[in-house]
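# Close look at the chain arrangement
Read off the chains here:
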Amino acid sequence: MISPASINNDQLLYSLFEFNPHAITVINRKGQFIKVNIAARELSGYTEEELHGSPFEKVIMQEEHKKVLAYSQRAFNGVLQTFETAFVHKEGYRIDLSATVVPVRDSVRVQSLVVILQDITISKRSLERIKFMAHYDDMTGIPNRRFFRDHLESALQIALNSNSNLAVFYLDIDRFKLYNDSFGHDVGNMLLMQVAERLMRCVSEGDVAARMEGDEFAIFYTDIVGIENVEKLAKQIYQQLEQPFQYQGYDLHITVSIGISMNTNRQISADEIMKNADIALSKAKEMGRNTSQFYTISMEQSTLDRLKLETDLRLAIQRDEFELYYQPQVDIFTGEIIGMESLIRWNHPLKGIVAPDSFIPLLEECGLIIPVGEKVIEWACRQNVAWQNEGLPKFPIAVNLSVKQFLQPGIVDRIRDILLETSLEPGYLELEITESVTLDVEYAENILNDLQRLGVLISIDDFGTGYSSLRYLKRFPISRLKIDRSFVRDIMVDQNDAQIVQTIIAMARHLNMNVIAEGVETEEQLNYLRRHQCMEIQGYYISRPLPVQAITKWMGEWEPTHISGDLS
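The structure displayed is predicted, hence computed values, not measured ones.

Spatial strand order, S2-S1-S5-S4-S3: five strands in an open sheet with antiparallel pairing. Because the sheet does not close on itself, it has two edges, and the strands there are strand S2 (33–36) and strand S3 (81–88). For this sheet, the mean angle separating the axes of adjacent strands, direction not counted, is 30°. Sheet analysis places strand S1 (residues 23–28) next to strand S5 (residues 110–119), joined by six bridges and oriented antiparallel. The residue bridging Thr25 from the neighbouring strand is Val115, located in S5. The sheet strands contacting helix H4 (residues 65–76) are S1, S3, strand S4 (94–105) and S5, and the helix crosses S3 at an angle near 140°. Helix H5 (residues 121–135) contacts S3, S4 and S5 of the sheet and is inclined by roughly 125° relative to S4.

Here you go:
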């Protein structure tokens, strides 16, 4: 057993210093290292020779110099100091430290400082990561909803005290789900990150841009000087986003809808002004998207009406309040009925017949379009079978297929099942798709080919208003193009519309497709289309959409000779 008397105090102190697991240095009054233990040398990457006699500034982060100097001066005054700092490892990376500075005095004054250091890099990074995740969006790296709300609350208080104006912008990407469904989530995520980056260009000091959720972003601007200033800021956002986004050689063009709310009520809270901007955003989307709307009090009632409409729609499904109207399609030269389009109507118990424009967008938004759309296909098929059984002429019945239905997994199998359940021959069902379903060419081509093999007919509705690339049309098994009514309406007065109609007719003929003009209302339009070899028409000139009994009666009374016209 070693007796205490046999232990040399100097050796004991040396061992405790040199082999201590904590990094320990000793600094003289000049701020120079005079002793550095093994742990300190390993932590810093420097040898004892490299550090001995060097000033502490050699290793301390430059922005930490003043702080460390201040703590050191207080320690030389005899006061123990504890603080956090950071130095640069010899290889150039940062190490965060917890420092305890112990003054060492002789009989007169403090001659040196013992500095005990602990590496807190990992724990500090973890804390910063937690803080980042709490206040920043993990995907885009920009502030999140919590950060936005907290800073907006402070900005509103400053605006109240200074009697200044503040504007909150809510915006989301139009048809974002379509990009996700068509190209995959990688493209959707890429769009979100690039949109976030461009929006950050639209803010300056004092403003905040954030990702709220999904494809919804928000910005608040301080020191607004008037409505013109707000409109200028909105224009700046549109300009930033108008350039196409690049993805694997594709140019993707997006639009956004914007809702704007201001602190006209000086006592407004962050939650209230955010809610108002969100309401204005919903109004902008109702107005056709790719537009901005300022919040007004009347919008709140509109939002409540919309919520009530959604509730009524869900009840309408349960109560079978939907019914189909039918509009005939005829051969422009023979006058024979060559098809019938089915059009959904809502027979509301209080409002009566509700036009589809009032509820179809909400069905899409709520996801109800899929069950309702399947019912429409089934009803149309059953009705066609019923007409055939009555001995009426056989012709295809057209049903609109929404984008969500088209993108639904198993859509081909579901249509096959409906045809079997209703006993309708596939060739008497025509599915009308919009050009937007062709954004993902490969997917669209596969589904359309499967439908063609099933035997159903495919037509493109509202042709000329969407996104189709003409070089893709020949790849798709399309039997008919439908010229949108917006072009037909003004063919007699607008040369541009007339030229578009002629071009579509010529192109369809070149691709061996039939072409039908929608919205024909006058004999002049009829004669124009006949002269330019448009083979089929649909519109009020023939008949408005009618319920089952009325259209059945109409078919019994229709004579091909009812169409007349002048070819000259």
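In contact at an axis separation of 6 Å, helix H7 (residues 176–183) and helix H8 (residues 185–200) are set at 140° when each is read in the N-to-C sense. Classed by the angle they form, the pair H7 and H8 counts as oblique. In this structure, H7 uses Phe176, Tyr179, Asn180 and Phe183 to contact H8, whose residues at the interface are His185, Val187, Gly188, Leu191 and Leu192. Grouping the amino acids of the contact of H7 with H8 by side-chain chemistry returns six nonpolar, three polar and no charged.

Moving on, we come to the side chain of Asn28. Tracing the backbone through its elements, the reader meets Asn28 in strand S1. Engagement of the side chain of Asn28 in a polar contact is seen with the backbone nitrogen of Lys30, the distance being 2.9 Å. From its side chain, Asn28 meets the backbone nitrogen of Gln32 in a polar contact 2.9 Å long. Those residues within four positions of Asn28 in sequence are excluded, and the remaining contacts are Ile34, Phe76, Gln111 and Ser112.

Criteria and cut-off values
- Residues numbered from 1 in each chain as written.
- Predicted model: local features only at pLDDT ≥ 70, side-chain atom pairs only at ≥ 80, totals over all residues.
- Heavy atoms only, no water.
- Pairing = 2+ DSSP bridges.
- Helix = DSSP H or I, 4+ residues; strand = E, 2+ residues; numbered from the N terminus.
- Axes fitted to C-alpha atoms, helices over the stretch in contact; angles between N-to-C directions.
- Contact = heavy atoms within 4.5 Å.
- Parallel < 35°, antiparallel > 145°, perpendicular 65-115°, else oblique.
- Nonpolar A, V, L, I, M, F, W, Y, C, P; charged D, E, K, R; others polar.
- Polar contact = N/O pair within 3.5 Å; in protein donor to acceptor, adjacent residues only side chain to side chain.

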